[in-house]
Amino acid sequence: MLTVNLICVGSLKERYWREACAEYVKRLSAFCNLTVLELPETRLPDRPSAAEIAKALEAEGKAILAKAGNSAVIPLCIEGRQLSSPGLAELLDGLALSGTSAVSFVIGSSYGLADPVKQRGIKRLSMSEMTFPHQLARVMLLEQIYRAFTINGNGKYHK
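Each chain has its residues counted from 1, running along the sequence as written. Under the rules for a predicted model, residues below a pLDDT of 70 receive no local features and side-chain atom pairs below 80 are neither given nor counted, while totals for whole chains, interfaces and linings still include all residues. Neither water nor hydrogens contribute to the side-chain values; these are computed over all heavy atoms in the structure.

**Q** Tell me about the sheet that holds strand β2 (residues 33-39), and please be specific about residues and values.
**A** Reading across the sheet, the four strands line up as β2-β1-β4-β3 and stay open at both edges, with parallel pairing between neighbours. Only two strands of the sheet have a single partner each, and these edge strands are β2 and β3 (72-81). In this sheet, adjacent strand axes meet at a mean angle of 20° when their direction is disregarded. Between any two strands, at least two bridges found by DSSP are needed for them to pair. Helix and strand labels come from DSSP, where a helix needs a run of H or I of at least four residues and a strand needs a run of E of at least two; each type is numbered from the N terminus. Across seven bridges, the pairing between strand β1 (residues 3-9) and β2 is parallel. Bridged to Thr 3 within β2 is Asn 33. For helices, the fitted axis covers only the stretch in contact; all axes are lines through C-alpha atoms, and the angles between them, taken along N-to-C directions, range from 0 to 180 degrees.

Dropping the structure here:
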């Protein structure tokens, strides 16, 4: 069974986001070993300088890569490629069939991800050209991972 890690910088603040994520975590337990890892977001001043942002991203990036270990890393970033739901299903299926035992999806802070995290990625993924709150992005990603597993399992969820 594939291990799927969701590495996120920051935590879910509102109860309804936590409840939505918990629902997909529960559903995914039938398909994979899922772990959601929340890493602390570096505290920055209200108007951080470019150097302060770069230093924060570097620190967050080191923590992300330490948690990712030897897993296949898929960072979510603006430079990423959009995939259809069947495309994500194909990607996960291909990883599992190639012998990959663990995959880590990464959602960075509101300032993005450090370059070493993006470079470590086997594929950079973009949710959309639109901008979404980070908390909603986590729910959307979990839903799409669930959808991918149901597609691969010939379930009725994806229509």
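**Q** Give me the lowdown on the pairing of β3, citing residues and values where you can.
**A** Along any regular strand the residues' side chains alternate between the sheet's two faces. Accessible area is worked out with a 1.4 Å probe on protein chains only. A residue is then buried under 20% of its type maximum, exposed over 50%, and partly exposed in between. Among the ten residues of β3, seven are classified as buried, and the element is accordingly described as predominantly covered. Pairing geometry for β3 and strand β4 (residues 102-107), over five bridges, is parallel. Note that in β4 the partner of Leu 76 across the bridge is Ile 107. Assignment of crossover handedness uses the view with strands pointing away from the viewer, where a clockwise path from the first strand over the helix to the second indicates a right-handed crossover. Where the polypeptide runs from β3 across helix α3 (residues 85-97) and back to β4, its parallel neighbour, the crossover connection is right-handed.

**Q** Residues and numbers for the packing of helix α1 (residues 15-28) against helix α5 (residues 134-152), please.
**A** At a closest axis distance of 9 Å, the pairing of α1 and α5 adopts a crossing angle of 20°. The angle between the axes of α1 and α5 places the two elements in the roughly parallel class. Like other packed secondary-structure pairs, α1 and α5 cross with a definite hand, here left-handed. Contacts from Trp 17, Ala 20, Cys 21, Tyr 24, Val 25, Arg 27 and Leu 28 of α1 reach α5 at Gln 135, Leu 136, Arg 138, Val 139, Leu 142, Glu 143, Ile 145, Tyr 146 and Phe 149. Any angle that falls under 35 degrees is termed roughly parallel, while one over 145 is termed roughly antiparallel, one within 65 to 115 roughly perpendicular, and all others oblique. The handedness criterion is simple: a crossing whose near helix is rotated anticlockwise from the far helix by less than a right angle is left-handed, and one whose near helix is rotated clockwise is right-handed. Contacts were defined at the residue level, with two residues in contact if any of their heavy atoms lie within 4.5 Å.

**Q** Describe in detail the nonpolar core, supporting the description with residues and values.
**A** Among the nonpolar cores identified, the biggest contains 30 residues, and Val 4, Leu 28, Leu 92, Val 103, Phe 105, Ile 145 and Phe 149 are the most heavily contacted of them. Looking at this core, the elements that each hand over two or more residues are β1, α1, β3, α3, β4 and α5. Ranked by residues supplied to this core, first place goes to α5 with seven residues. Sequence-distant contacts of Val 4, defined by excluding residues within four places in its chain, comprise Cys 32, Asn 33, Leu 34, Thr 35, Val 103, Phe 105, Ile 145 and Phe 149. Among buried residues, those of type Ala, Val, Leu, Ile, Met, Phe, Trp, Tyr and Cys that are joined through side-chain atoms within 4.5 Å constitute a nonpolar core. Core analysis: the second largest hydrophobic core is formed by nine residues, Ile 7, Val 9, Leu 39 and Leu 113 among them.

**Q** A description of the environment of Leu 141 should follow, citing residues and the corresponding values.
**A** When you line up the elements, Leu 141 lands in helix α5. As a C-alpha pair, Leu 141 and Cys 21 span 120 residues in sequence and 9.4 Å in three-dimensional space. With residues up to four places along the chain from it excluded, the contact list for Leu 141 reads Leu 6, Leu 76, Phe 105, Ile 107 and Met 127.

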